[in-house]
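Summary of structural features
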Amino acid sequence: MELRTLRYFVAVAEELHFGRAATRLHMSQPPLSRAIKQLEADVGALLFARSPAGVTPTPVGAVLLDEARALLDHADRVRVRVSAAAGAATIAIGILGDGTDPGVAKLAAAYRRHHPGVEIRIRDTDLTDPTCGLRAGLVDVALTRAPFDETALTVRALRTDPVGVVLRADDPLACRDGLRLADLCDRRWFQFPQGTDPVWQSYWNGGRPREGPVVRAVQECLQAVLWNGTVGLAPLGHDLPAELAVVPLIDMPPSRVVAVWNEGDTNPLIRSFIEIATTAYRR
C-alpha cells in the first residue's frame, strides 16, 4: 500500500464523503474514487458502505483506519527526524489571540508528545490578521478562525462553534434565549482597522456594514461592550466576565476553527501538525 493511497483513505474515512475528501485533498473526485476502489481490490474487501448521503467505514475499513493512521504517523515521524538531523526541525505557528480555547492546549500537548525534538515558535496575533502572519511569511502554519480570504492558502476545518452576541448583563436583550441579526440592526458594532481582511470583517459584522469603535484584540472587544454598550460577537462556550452576557444568534453561521498553511507547502512538520490537529480537535 502506498502512503499516498492511505492518506486518501483516511481523508474519506474522516470526511465520510468522497466529495468533501476530494476537496480536502485538493483533487477531483473521480481519481479519488478509483484509488479507493483499487485499495479495496488490494485488500480484498469493501472498506466503505456507500449511500447517497455519503460513506461509513465497514468493519474492515475501521481496522484499516486505525492501522493507516499509525503508519502515516510513523512516516511523518521519520520525515521529522530526518529534518532534525539536517538541522531544520523548527516550526513557527501563528495563533489567533484566543487563549481560552481548550483545543489549543490539547493540540500543544499532542504535538509535544509526537515531536519532542522540534523547536516550536509561537506567534500570538490580534484580530486584525486572521491568518496570523502566514501571508507575511512570519509563520509556517496558523491556528485561527474562518472565514477570510483563502487565496493561495490551504484550509483544514477542525471544529465549528455556534456564535452569540455579547451584551452587557443589564442590557434588555441579555435575558433572551436567542436573538436574530435583525434584533441588533440599530446597535453599534465593533470594527476592525482599515485594511483588515474584508471577508473577516464582514463575518464579524453579521454580513453588512456597521458603525462603531475600532478594536484590535479580544479584550478590547469586551471592553467596548462593557463601556459603550457596543455589540460584539463571540463563539459560544467561552468564559466571560460577570458583567457581560452572551445570547445565541439564531441566524448567524457558525465560526470555524481552522488550520491554514500556504498552498503547495510540503514541509513535513506542517503536514504532521495538520494531522495531529485534526485528531486533537476531533476528540
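Everything below is about the structure shown above.
1. Thoughts on the sheet that holds strand E8 (residues 232–235)
Strand pairing in a sheet takes place through backbone hydrogen bonds and is either antiparallel or parallel in direction. Read across the open sheet, the three strands follow the order E8-E7-E9; overall the sheet is antiparallel. Single-partner strands in this sheet number two, and they are E8 and strand E9 (244–248). Averaged over all pairs of adjacent strands, the angle between their axes in this sheet comes to 40 degrees, without regard to strand direction. One ladder, built from five bridges, connects strand E7 (residues 163–168) with E9; its direction is antiparallel. In the sheet register, Leu-167 faces E9, and the bridge partner there is Ala-245. In the packing of helix H7 (residues 218–228) onto the sheet, the strands contacted are E7, E8 and E9, and the crossing angle to E7 comes to about 45 degrees.

2. Observations regarding the packing of helix H2 (residues 18–25) against helix H3 (residues 29–43)
A pair of packed helices is characterised by two quantities: the angle between their axes and the separation of those axes. Put simply, H2 and H3 touch, their axes get as near as 9 Å, and they point 110 degrees apart. The pairing of H2 with H3 is recorded here as roughly perpendicular in orientation. Contacts from Phe-18, Gly-19, Ala-21, Ala-22 and Leu-25 in H2 reach Gln-29, Leu-32, Ser-33 and Ile-36 in H3. Taken together, the residues that form the contact of H2 with H3 break down as six nonpolar, three polar and no charged.

3. Considerations on the sheet that holds strand E6 (residues 153–161)
Pairing is mixed in the open sheet, where five strands are placed in the order E4-E3-E5-E10-E6. The open sheet terminates on both sides in strands that have one partner only, identified here as strand E4 (119–125) and E6. For this sheet, the mean angle separating the axes of adjacent strands, direction not counted, is 25 degrees. Its contacts with the sheet put helix H8 (residues 268–282) on strand E3 (90–96), strand E5 (141–146), E6 and strand E10 (255–262), and the angle it makes with E6 is roughly 15 degrees.

Thresholds applied
Residues numbered from 1 in each chain as written. Predicted model: local features only at pLDDT ≥ 70, side-chain atom pairs only at ≥ 80, totals over all residues. Heavy atoms only, no water. Pairing = 2+ DSSP bridges. Helix = DSSP H or I, 4+ residues; strand = E, 2+ residues; numbered from the N terminus. Axes fitted to C-alpha atoms, helices over the stretch in contact; angles between N-to-C directions. Contact = heavy atoms within 4.5 Å. Parallel < 35°, antiparallel > 145°, perpendicular 65-115°, else oblique. Nonpolar A, V, L, I, M, F, W, Y, C, P; charged D, E, K, R; others polar.

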